[in-house]
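Here is how the chains run, residue by residue.
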Amino acid sequence: MSSKDYSYDIPDHPIKYVEVDPRIIKFDHRAQRSLNKTRAKTIAEKLVPTALGTPIISHRDDDGMYAVDGMHRIYACQLILAETVTVRDEVRDAVQTITCEVHSRLSMANEASLFIIKNKESSKVGPTDEFRIGVVAGHPLFVDTNTVLEKHQLKVGTRAVNAVRGIKGILDVVKEYGPDVLDQSLTIAEEAWGRTPDTWHSVIIGGIAIVISRHPDVVKPAELAQKLKRQGDPATFKAKIQIAATNNNTRLDGTKGRLKAAHLAVASAWNANRRVNKIPVPNIFE
């Protein structure tokens, strides 16, 4: 279990609820998701002012108002006021000013953290965007993870030979076992299979992480890499994990089920043709 605190935190700061002209609000995509103008236009065309909610704004002392949360609603109001979309006059009148939750004295890192906190429980932010924004926020979980990924020349969000798949699972490895275990797990995977899109799949990396963290005095990384190499290519190994997780397609699997199956597959690979230094294998359907 990682001993590092990966909880979110923002310093105390002034917060006010005020009427703001949406046309003066700016956007900084480093601290939040990317603006989808098509989505904003759809919102504008169907906007119900009484259901607009309360967008969250950061008042930067040197540069004005910036959206933290509610970017698409704010941009929809801007489209309406610019008469880019056709709406009833009463809708246009209603969004001349909008009630906003205005935060002051925040750094950009604080803004990014606030965005994640406000959106985390609602599942509105995809894991790739959350990771990108978390790095900007300077949040230790994302920074520690990004440091390891950069060391291995890996990116997030695409299927490529230099991109991890399933960033949420990669973050879970760091939360549970720490960045050093992620570093070692990626090294083992690369030594086993080289740099392929499936080498870095989070389920495989998670299975390796469990085994090396639970049995550090028994499992030798270089030997485990050779054992995994004998299992076939990483796509074949991942398919084996999927079959185990679903009990040969007779039951549904979830993230925990796949992770247990990955633990089983990696432990079984280590134990193959071994008389001594075997490690326990889990019962994945307990």
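To keep things clear, this report deals only with the structure shown in the data block.

Rules and cut-offs
Residues numbered from 1 in each chain as written. Predicted model: local features only at pLDDT ≥ 70, side-chain atom pairs only at ≥ 80, totals over all residues. Heavy atoms only, no water. Disulfide = S-S within 2.5 Å. Helix = DSSP H or I, 4+ residues; strand = E, 2+ residues; numbered from the N terminus. Expected span 1.5 Å × (residues − 1). Contact = heavy atoms within 4.5 Å. Salt bridge = Lys/Arg side-chain N within 4 Å of Asp/Glu carboxyl O. Buried < 20%, exposed > 50% of the residue type's maximum accessible area, 1.4 Å probe, protein only. Axes fitted to C-alpha atoms, helices over the stretch in contact; angles between N-to-C directions. Parallel < 35°, antiparallel > 145°, perpendicular 65-115°, else oblique. Nonpolar A, V, L, I, M, F, W, Y, C, P; charged D, E, K, R; others polar. Pairing = 2+ DSSP bridges.

**Some words on the state of the cysteines**
Should the sulfur atoms of two cysteines be covalently bonded, the bond is a disulfide.
And step 1. By the definition in use, this model includes 0 disulfides.
And step 2. Distance from the sulfur of Cys77, which forms no disulfide, to the nearest cysteine sulfur (Cys100) is 8.6 Å.

**Quick word on helix α4 (residues 108-120)**
And step 1. Helix length check: α4 (13 residues) gives 18 Å between terminal C-alpha atoms against 18 Å at 1.5 Å per residue, within 8%.
And step 2. Elements in contact with the buried residues of α4: β2 (56-60), β3 (64-69), β4 (98-104), α5 (127-137) and α6 (140-151).

**Let's talk about the pattern of salt bridges**
And step 1. Enumeration over the complete set of coordinates arrives at 17 salt bridges.
And step 2. Put simply, Arg88 and Glu90 hold a salt bridge, and the shortest N to O gap is 2.9 Å.
And step 3. On the accessibility criterion, Arg88 (53% relative accessible area) is exposed.
And step 4. Judged by relative accessible area, Glu90 falls into the partly exposed class, the value being 47%.

**Notes on the packing of helix α7 (residues 167-177) against helix α8 (residues 179-193)**
And step 1. For the pair α7 and α8, interaxial distance at closest approach is 7 Å and the crossing angle is 130 degrees. As summarised for this structure, α7 and α8 are arranged oblique, according to the angle between their axes. From α7, Ile170, Val173, Val174 and Tyr177 reach across to α8, where they touch Pro179, Val181 and Leu182.
And step 2. Considering only residue class, the contact of α7 with α8 consists of 7 nonpolar, no polar and no charged.

**Describing the sheet that holds β3**
And step 1. As summarised here, the arrangement of the 4 strands in space is β1-β4-β2-β3, forming an open sheet in which the pairing is mixed. Lying at the two open borders of the sheet, with one neighbouring strand each, are β1 (15-20) and β3. Neighbour-to-neighbour, the strand axes of the sheet open up by a mean angle of 40 degrees, direction not taken into account.
And step 2. The sheet contact formed by β1 and β4 spans 6 bridges and is antiparallel. Its bridge partner lying in β4, Val18 is registered against Cys100.
And step 3. On top of the sheet, helix α2 (residues 71-81) reaches β2, β3 and β4; it is set at about 130 degrees to β3, its chief contact.

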